[in-house]
Amino acid sequence: MHLAENTGFATLLYMTMRLLCASITAAAALSIPFAVSLAQELRIVESSPTAIENPEAYRAYYGKLDGAPEVFTITVTEPFRFSIVILTPDVQGARTDFTANVIDMANPDTPFAVVDGTVSEWIPFFDTTGRDDYLAGPLFQAGIAAGTYEIRVSNPDNEGAYVVLLGEESSFSLGEIFNRYGALPTIKSDFFGKPAYQAFLAPLLLWPIIAVLIVLAVIVFTIYLLRRRTPAAPTL
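Thresholds applied
- Residues numbered from 1 in each chain as written.
- Predicted model: local features only at pLDDT ≥ 70, side-chain atom pairs only at ≥ 80, totals over all residues.
- Heavy atoms only, no water.
- Pairing = 2+ DSSP bridges.
- Helix = DSSP H or I, 4+ residues; strand = E, 2+ residues; numbered from the N terminus.
- Axes fitted to C-alpha atoms, helices over the stretch in contact; angles between N-to-C directions.
- Contact = heavy atoms within 4.5 Å.
- Patch = residues over 30% accessible without salt bridge, like charges linked within 9 Å, V, L, I, M, F, W, Y side chains within 5 Å.
- Areas by Shrake-Rupley, 256 points an atom, 1.4 Å probe, with all protein chains shown as cover.
- Salt bridge = Lys/Arg side-chain N within 4 Å of Asp/Glu carboxyl O.
- Buried < 20%, exposed > 50% of the residue type's maximum accessible area, 1.4 Å probe, protein only.

J.: Requested: an account of the sheet that holds strand β8 (residues 123-127), with residues and values cited.
T.: A sheet is described by the order of its strands in space; here 6 strands give the open sequence β1-β3-β11-β5-β9-β8, paired in mixed fashion. Bordering the open sheet on either side are β1 (41-44) and β8, each of which pairs with just one other strand. Averaged over all neighbouring strand pairs, the angle between strand axes comes to 30 degrees, with direction disregarded. Its contacts with the sheet place helix α3 (residues 174-192) against β1, β3 (59-66), β5 (80-89), β9 (132-144) and β11 (159-166), and it is angled at close to 50 degrees to β1.

J.: Let's hear about a nonpolar patch on the surface: which residues, and what values?
T.: Side chains of Tyr-197, Phe-200, Leu-201, Ile-209, Val-212, Leu-213, Leu-216, Ile-219 and Ile-223 sit close together on the surface and give an oily, nonpolar patch of about 830 Å² of accessible area. Turning to its location among the elements, Tyr-197 is positioned in the loop between α3 and α4 (203-228). Owing to a relative accessible area of 52%, Tyr-197 belongs among the exposed residues under this scheme.

J.: Can you break down the pairing of strand β4 (residues 70-76) residue by residue, with the values?
T.: Among the 7 residues that make up β4, 5 are buried, leaving the element largely enclosed by the rest of the structure. When strand β2 (residues 50-52) meets β4, the two strands line up parallel, connected through 3 bridges. From the neighbouring strand, Ile-52 faces β4, where its bridge partner is Ile-74. As judged from the 7 bridges shared by β4 and strand β10 (residues 147-154), these two strands associate in the antiparallel manner. Bridging across to β10, Ile-74 finds its partner in Tyr-149.

Below is the structure:
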């Protein structure tokens, strides 16, 4: 009798662990459609100049011009592949006349590159992970030498919201995932004119929450089953 009970419990435990493994797999699968976006770091520009650490990292800077060009500074100790894209939120009154001058401070009188949105085609696209519309403007990529550089973002009257997308190297970190939960609501409200709470309905923030809840629910269910089991009385 005790053998039958133990066998039954072992079978139940085995099935529960399989359910846990399946839930973890499902949680991981939820992340696949937005894996690239999870690797992107979000930053809101609060002051100028803004120092860019690790310029190779795939990072989006959201800013608003307020009467003066925005300045980003980069200092690198070895050559690397530089990448920059200018975007703008696709909202009423969106500006598409942004220019980013990339300046080598060893020769500050002549820009190393001019990323000019006034002569570029701006392509609309929908970000499925954040559920927002953007206009994608000019792209510039090149290998650059070690040194100090400035990126000066401007337009004719230095007004309007922009997004500067830098770097190509994707990476995952728990700190950046948590940072996204603070940054995206601000981006929703300040750059797209939407209620901040909508950020938590976007897959970028919602799906990780669902994945964690699935795993937690299975763990709690497993603990519940373990605690319900009454130890068999010792036999004489």
